[in-house]
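# Examination of the molecular architecture
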Amino acid sequence: MVRKMKDSGVEWIGEIPEDWDRTSLLNLLRTNISDGPHETPVVHEEGIPFISVDSLNETDKIDFSVCKKYISEEDYGIYYKKAKLQEGDILFSKAATIGKTAIVGKEKFMVWSPLAIIKTNSDIAYNKYIYYVLNSDKLIKYVSLLGGYNTQINVGMRNLEKAYIPFPGKLYQKIIADYLDNIIPVIDNIIHSIKISIEDYKKYKQSILADKITRGLRKQKLKQTKNIHIPEIPDAWEMKKLKYVFYIKKDIAGKIGYDVLSITQKGIKVKDITSNAGQLAADYSNYQRVNVGDFAMNHMDLLTGWVDVSEYNGVTSPDYRVFNFISEKGYSRRYYLYLMQMCYMNRIFYGLGQGVSNFGRWRLQAEKFLNFTIPVPPIEEQEEIAQYLDVKCGEIDKIITEKEALVSELENYKKSLIYEYVTGKKEVPVENMR
């Protein structure tokens with residue numbers, strides 16, 4: 001028998017079964033939504049985990065393995081007075097990546113302010129059903145539109161409370177949640193397997209880069225170097241300090257009107273400064289110029305930063321490093337780009353850096369950079385290696401891109417499937433209702 005539906009009167013929900021209702025999220029809570037502390041705590045190498053959005057992944061469990069910050073027992077006591085985290089509470093990311101969720105377990109930890117803490121009233125709401133509602137794709141899009149912009153989108157907790165959600169009886173909430181508990185992990189396991197495969201291909205690429213850049217394409221007699229990161233090179237190659245091959249540029253624009261360039265792990269891109277997304281500067285005249293063919297690197301963040309050769313004329317942050325060859329003669333731009341990128345991927349630059357890694361401020365000082373020794377093969381070999389890597393890395397990147405697209409497709413399918421069940425558009429099979 002076809003289920004009778006009615007208009008919920010809420011755009012993101014659409015139609016719901018005739019015997020369902022709708023209600024604001026606030027009506028299903030035992031207390032107002034809160035969040036973690038906004039002030040920066042004193043962090044330690046160990047202690048009580050202090051998590052943020054990165055610890056919320058594709059399942060309802062918190063991933064403590066990506067926690068980079070720890071606080072003392074004393075600070076935990078102070079912050080707990082506000083957050084009062086309890087088992088069964090739902091965490092919802094209201095800033096950065098909107099809509100990442102998890103359910104609080106028995107572990108002792110504290111959350112950062114981008115995470116909203118949602119405490120359901122167990123008398124009228126089944127918390128796992130509310131968790132799934134918060135995971136539905138259209139609800140996430142809807143609450144994202146409620147967010148304000150500063151340097152990034154941020155959904156206000158009071159706005160989140162006002163959001164209308166579908167509301168079947170509590171027993172049917174549990175039936176839906178239990179059914180999704182059976183089918184969603186299957187999709188999550190597939191996603192997880194693909195992500196592992198992506199990481200394997202990335203490691204394969206790293207190994208190829210390290211081998212070909214430092215040893216060449218042919219079997220050759222090797223000699224020792226004094227660089228612990230590049231211990232051997234072919235006998236016919238040289239090692240030179242980077243300062244004898246490159247020089248650092250610092251050409252401040254002095255005026256606006258240039259394209260603003262961002263250094264991303266997908267390469268150097270032209271930034272859309274007309275949108276409100278991302279961090280925006282007040283005055284781009286203080287930025288430094290970048291010309292086509294210049295190398296530019298984010299040496300402020302050696303974990304997630306990157307280096308690329310610019311295909312554009314424009315300006316970039318004065319905090320970044322722009323550099324180029326002292327002389328073009330005898331040097332392949334593609335070979336040395338691969339070398340620089342290898343130093344990021346294999347954490348060589350990270351090993352040379354200094355700073356406060358817990359806060360992402362791990363920098364490669366100019367002196368360390370310029371005195372780093374690099375291999376100098378004959379120009380013919382540089383070009384051969386670059387051409388080989390163009391093909392080989394291109395093949396690997398293509399596979400990685402296809403796998404990433406499949407992950408994105410499956411994640412979208414999962415959220416869409418959740419939406420269909422939590423709004424009653426798909427009915428839980430009868431055999432699962434017994």
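Everything quoted here is computed from the prediction, not taken from an experiment. (Residues numbered from 1 in each chain as written. Predicted model: local features only at pLDDT ≥ 70, side-chain atom pairs only at ≥ 80, totals over all residues. Heavy atoms only, no water.)

The alternating pattern of strand β10 (residues 115-118) places Leu115 and Ile117 and Ala116 and Ile118 on opposite faces, both of which are buried. Across two bridges, the pairing between strand β4 (residues 34-35) and β10 is antiparallel. Paired with Asp35 across the bridge in β10 is Ala116. Taken together, the four bridges between strand β7 (residues 90-93) and β10 define a ladder with antiparallel strand orientation. By the bridge assignment, Ile90 is partnered in β10 with Ile118. (Buried < 20%, exposed > 50% of the residue type's maximum accessible area, 1.4 Å probe, protein only. Helix = DSSP H or I, 4+ residues; strand = E, 2+ residues; numbered from the N terminus. Pairing = 2+ DSSP bridges.)

Spatial strand order, β17-β24-β21-β22: four strands in an open sheet with antiparallel pairing. For this open sheet the edge positions go to β17 (246-249) and β22 (307-309), each flanked by a neighbour on one side alone. Between one strand and the next, the sheet's axes are offset by a mean angle of 30°, whatever the strand orientation. Sheet topology note: the strand β21 (residues 295-297)/strand β24 (residues 321-325) ladder contains three bridges and is antiparallel. Looking at the pairing, Phe295 lines up with Phe323 of β24. Set on the sheet, helix α6 (residues 333-345) makes contact with β17, β21, β22 and β24; between it and β22 the angle comes to about 170°. (Axes fitted to C-alpha atoms, helices over the stretch in contact; angles between N-to-C directions. Contact = heavy atoms within 4.5 Å.)

Another point: the side chain of Gln382. The topology assignment puts Gln382 in helix α9 (residues 379-422). Of the polar contacts made by the side chain of Gln382, one reaches the backbone oxygen of Gly330; its length is 3.0 Å. In this structure the side chain of Gln382 is engaged in a polar contact, spanning 2.7 Å, whose partner is the backbone nitrogen of Ser332. (Polar contact = N/O pair within 3.5 Å; in protein donor to acceptor, adjacent residues only side chain to side chain.)

Overall, mixed pairing links the three strands, which are arranged β6-β5-β9 in an open sheet. Unpaired on one side and paired on the other, β6 (70-71) and β9 (110-111) mark the two borders of the sheet. Pairing geometry for strand β5 (residues 48-51) and β9, over two bridges, is parallel. Within β9, the residue paired with Ile51 across the bridge is Val111.

This paragraph deals with the pattern of salt bridges. Pairs can form between side chains of opposite charge whenever their charged atoms are close. Going through the model one piece at a time under the given rule, you end up with 26 salt bridges. We note a salt bridge from Lys212 to Asp211, for which the minimum N-O separation is 3.3 Å. Linking Glu328 and Arg333 is a salt bridge whose minimum nitrogen-to-oxygen distance equals 3.0 Å. Note on Glu328: relative accessible area 46%, which makes it partly exposed. (Salt bridge = Lys/Arg side-chain N within 4 Å of Asp/Glu carboxyl O.)

Glancing now at the confidence of the model for the chain. On average, residues of the chain score 89 in pLDDT, and 94% of them reach the 70 mark or higher. pLDDT under 50 marks residues 276-280. Its contacts with residues more than four places away, or in other chains, come to eight contacts. (pLDDT = per-residue confidence, 0-100.)

Among the nonpolar cores identified, the biggest contains 97 residues, and Ile118, Ile130, Leu160, Ile176, Phe246, Tyr336 and Phe349 are the most heavily contacted of them. Broken down by element, this core gets its largest block of residues, 14 residues, from helix α5 (residues 170-215). Aside from chain neighbours lying at most four places away, what touches Phe246 is Phe295, Phe323, Asn324, Phe325, Ile326, Tyr336, Met340, Leu370 and Ile374. Val53, Ile62, Tyr79 and Leu115 belong to the second largest nonpolar core, which has 21 residues in total. (Core = buried A, V, L, I, M, F, W, Y, C linked by side-chain atoms within 4.5 Å.)

All right, on to the packing of α6 against α9 then. Between α6 and α9, the shortest axis-to-axis distance is 8 Å and the interhelical angle comes to 60°. The angle between α6 and α9 places the two elements in the oblique class. As for the relative orientation of α6 and α9, their crossing is left-handed in sense. Here Arg334, Tyr335, Tyr336 and Tyr338 of α6 come into contact with α9, specifically with Gln382, Ile385, Ala386, Leu389, Asp390 and Cys393. Of the residues belonging to the contact of α6 with α9, the class tally is seven nonpolar, one polar and two charged. (Parallel < 35°, antiparallel > 145°, perpendicular 65-115°, else oblique. Left-handed = near helix turned anticlockwise from the far one by under 90°. Nonpolar A, V, L, I, M, F, W, Y, C, P; charged D, E, K, R; others polar.)

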